[in-house]
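Report on the structure
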Amino acid sequence: GESVGLHLPTLSVQEGDNSIINCAYSNSASDYFIWYKQESGKGPQFIIDIRSNMDKRQGQRVTVLLNKTVKHLSLQIAATQPGDSAVYFCAEIEWEDSSYKLIFGSGTRLLVRP
Amino acid sequence: ETGVTQTPRHLVMGMTNKKSLKCEQHLGHNAMYWYKQSAKKPLELMFVYNFKEQTENNSVPSRFSPECPNSSHLFLHLHTLQPEDSALYLCASSQEAGGSYEQYFGPGTRLTVT
């Protein structure tokens, strides 16, 4: 049969507007979350993280919101710029004994229109 | 640059070839990871090494063989691969500090199996 690539949700925004990228996570026991940005031809780059004892954390032009009740995470980018065009991944931490691993979501593609 | 380098950046190999991917981190981290990123699936964790000891083997076929000679270097030995193994292979490193579990990714090796 024909191979089908992973369909990434795409968010298209006008330059200068704010962007909101959403993520649902699965493990209610997860106590740490990260957002990564991946530009074409590069590896994922850290944007911001948040612990489960927080609802909100702000960085430079970015804000992460955590809603533990509905297991939802969002990344808000203020005044979106062309350089923000990339695929954005959320990840939750999973512990096993004293070691951990990050479980990544499938990603959202952000396109910034000039 | 993230402090994690990977070579080669691109590799084309036949199904009967043997090749190795190399990763080096210059960050003094104690954990290193191999991930597979394909068009069909989200970022998949393959192997984890903590202090040179393998702590995770995520049901990866034996045609992928990791090696971690020291905490700065990680290899992925490849033999008798299949076309479905074509993907971007990402290396990452981390060291938990101050409650941050950020993983630093290299640029990846784009592997094509013919």
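Up top is the structure.
Presented here is a report on the structure given in the accompanying data block. Keep in mind it's a predicted model, so treat the numbers as computed, not measured.

Here we look at the interface of chain A and chain B
Listed per partner, the contact involves 26 residues of chain A and 24 residues of chain B. For the pair chain A and chain B, the summed buried surface comes to about 1,900 Å²; carbon and sulfur atoms form 55% of the total. Taken together, the links from chain A to chain B amount to zero salt bridges. Remark: the boundary between chain A and chain B carries five residue pairs in polar contact (both at pLDDT 80 or more). Those elements giving two or more residues to the side of chain A that touches chain B turn out to be strand S3 (32-38), strand S4 (45-51), strand S8 (86-96) and strand S9 (99-104) of chain A. For the side of chain A that touches chain B, the element with the highest residue contribution is S9(A), accounting for five residues. In terms of residue class, the side of chain A that touches chain B is built from 13 nonpolar, eight polar and five charged.

Side note on the state of the cysteines
Residue and element names in this part refer to chain A. This structure, assessed with the given rule, holds two disulfides over all chains. Here Cys23 connects covalently by a disulfide to Cys90, the sulfurs 1.6 Å from one another. Here Cys90 lies in strand S8 and Cys23 lies in strand S2 (residues 19-24), a separation of 67 residues in the sequence. Taking relative accessible area as the criterion, Cys23 reaches 9% and is therefore assigned buried.

Here we look at the pattern of salt bridges
In this structure the tally under the stated criterion is seven salt bridges over all chains. As a salt-bridge pair, Glu39(A) and Lys42(A) come within 3.8 Å of each other at their nearest N and O atoms. Looking at Glu39(A), the relative accessible area reads 22%, which means it is partly exposed. Overall, Lys42(A) belongs to the partly exposed group, its relative accessible area being 41%. Residue Arg63(B) is joined to Asp85(B) by a salt bridge in which the shortest nitrogen-to-oxygen separation is 2.7 Å. Highlighted residues: Arg63(B) in the loop between strand S6 (53-57) and strand S7 (64-70) and Asp85(B) in the loop between strand S8 (73-79) and strand S9 (87-94), separated in sequence by 22 residues. Residue Arg63(B) shares its accessibility class with Asp85(B), and that shared class is buried.

Quick look at the sheet that holds strand S1 (residues 4-7) of chain B
All names here are of chain B. Taken together, the four strands give an open sheet; going across it, the order is S1-S3-S8-S7, and neighbouring strands pair in antiparallel fashion. Among the strands making up the open sheet, the edge pair consists of S1 and S7. Taking each pair of neighbouring strands and ignoring which way they run, the sheet shows an average axis angle of 20°. Across five bridges, S7 lies against S8 in antiparallel orientation. Bridge pairing in S8 places Ser65 opposite His77.

About the thresholds
Residues numbered from 1 in each chain as written. Chains lettered and ligands numbered in written order. Predicted model: local features only at pLDDT ≥ 70, side-chain atom pairs only at ≥ 80, totals over all residues. Heavy atoms only, no water. Contact = heavy atoms within 4.5 Å. Buried area = accessible area lost by both parts, 1.4 Å probe. Salt bridge = Lys/Arg side-chain N within 4 Å of Asp/Glu carboxyl O. Polar contact = N/O pair within 3.5 Å; in protein donor to acceptor, adjacent residues only side chain to side chain. Helix = DSSP H or I, 4+ residues; strand = E, 2+ residues; numbered from the N terminus. Nonpolar A, V, L, I, M, F, W, Y, C, P; charged D, E, K, R; others polar. Disulfide = S-S within 2.5 Å. Buried < 20%, exposed > 50% of the residue type's maximum accessible area, 1.4 Å probe, protein only. Pairing = 2+ DSSP bridges. Axes fitted to C-alpha atoms, helices over the stretch in contact; angles between N-to-C directions.

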